[in-house]
Amino acid sequence: MKKKEEHRINNHIDSNKVRLVGNSIKNGILSIQDAIQLSIDKGLDLVEINPKVNPPICKILDYKKFLYEQKKRKKQFKAKQIKVNTKEIRFGPQIGDHDGKVKIKSAEKFLMRGDKVKVFVFFKGRSIVYKDQGKIKLLKFAEEIEEYGKVEQMPVMEGKRMYMILAPKKI
């Protein structure tokens with residue numbers, strides 16, 4: 001099975017007239033035969049750049065080189081993108097001091113790697129009565145970790161859990 005080409009080239013362009021654009025040639029509307037002949041004379045390909053307009057826009061260029069440069073541009077663009085992961089840490093409103101320190105250490109590790117951290121306080125059964133205690137725990141958590149990350153979203157109640165989002169500090 002042959003892969004479908006991204007652009008139509010040379011004899012695959014199905015239009016009677018084309019608008020020719022480019023640096024090394026005279027821009028204008030030509031018949032498809034004249035445009036193909038011009039590209040053959042230069043030893044290059046006639047490539048349909050924009051098929052949606054009437055007449056379609058074409059360029060005379062080396063198609064393989066054109067594809068290579070497009071692929072290279074996509075790769076550079078992809079390399080510049082930064083993917084941010086969100087890690088979750090959860091605990092109850094009655095978490096002990098030592099357990100809290102362990103959670104803080106893991107959050108510090110995540111923030112140093114550049115990940116965001118979503119900290120949950122989950123309320124089971126009747127512990128929903130201690131919403132204020134859960135909010136205090138989250139704010140203390142943010143205070144303990146402030147040298148590694150900053151609060152992106154203050155504590156919010158959602159169903160039976162309260163959460164807060166921390167983002168890494170820019171160094």
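The rules behind these values
Residues numbered from 1 in each chain as written. Predicted model: local features only at pLDDT ≥ 70, side-chain atom pairs only at ≥ 80, totals over all residues. Heavy atoms only, no water. Patch = residues over 30% accessible without salt bridge, like charges linked within 9 Å, V, L, I, M, F, W, Y side chains within 5 Å. Areas by Shrake-Rupley, 256 points an atom, 1.4 Å probe, with all protein chains shown as cover. Salt bridge = Lys/Arg side-chain N within 4 Å of Asp/Glu carboxyl O. Lys, Arg positive; Asp, Glu negative; His and termini not counted. Charge placed at Lys NZ, Arg CZ, Asp CG, Glu CD. Buried < 20%, exposed > 50% of the residue type's maximum accessible area, 1.4 Å probe, protein only. Helix = DSSP H or I, 4+ residues; strand = E, 2+ residues; numbered from the N terminus. Core = buried A, V, L, I, M, F, W, Y, C linked by side-chain atoms within 4.5 Å. Contact = heavy atoms within 4.5 Å. Pairing = 2+ DSSP bridges. Axes fitted to C-alpha atoms, helices over the stretch in contact; angles between N-to-C directions.

(A) Seen up close, a negative patch on the surface. The grouping of Glu 143, Glu 144, Glu 146 and Glu 147 at the surface amounts to a negative patch. Residue class for Glu 146 comes out partly exposed when judged on its relative accessible area of 46%.

(B) Representation of the environment of Pro 168 in the model. As for its position among the elements, Pro 168 is in strand β8 (residues 161–168). Look at Pro 168 and you get buried, because its relative accessible area is 16%.

(C) Here's a closer look at the nonpolar core. In this structure, Ile 89, Phe 91, Val 117, Val 119, Leu 138, Phe 141 and Leu 166 are the most contacted members of the largest nonpolar core, which totals 18 residues. Among the secondary structure elements, those contributing two or more residues to this core are β5 (86–91), α3 (97–113), β6 (116–122), α4 (131–144) and β8. Examining the composition of this core, we find that four residues originate from one element, α3, more than from any other. The contacts of Val 117, once residues within four sequence positions are left out, are Lys 87, Ile 89, Ala 107, Phe 110, Leu 111, Met 164, Ile 165 and Leu 166.

(D) The arrangement of the sheet that holds β8 in detail. Taken in spatial order, the four strands make up an open sheet running β5-β6-β8-β7, and their pairing is mixed. The strands lining the two open edges of the sheet, one partner per strand, are β5 and β7 (149–158). This sheet shows a mean twist of 20° between the axes of neighbouring strands, independent of strand direction. Pairing between β6 and β8: six bridges, direction antiparallel. By the bridge assignment, Phe 122 is partnered in β8 with Arg 161. α3 contacts β5, β6, β7 and β8 of the sheet and is inclined by roughly 170° relative to β5.

(E) Up close: the pairing of strand β1 (residues 17–21). Of the two faces of β1, the one lined by Val 18 and Leu 20 is fully buried and the one lined by Lys 17, Arg 19 and Val 21 carries no buried residue. Where β1 meets strand β2 (residues 28–31), four bridges bridge the pair, whose relative direction is antiparallel. Within β2, the residue paired with Leu 20 across the bridge is Gly 28. The loop that links β1 with its antiparallel partner β2 comprises six residues; one of these, Gly 22, has a positive phi angle of about 155°. Direction of pairing for β1 relative to strand β4 (residues 57–61): parallel, over a ladder of three bridges. Residue pairing across strands places Arg 19 opposite Ile 57, the latter belonging to β4.

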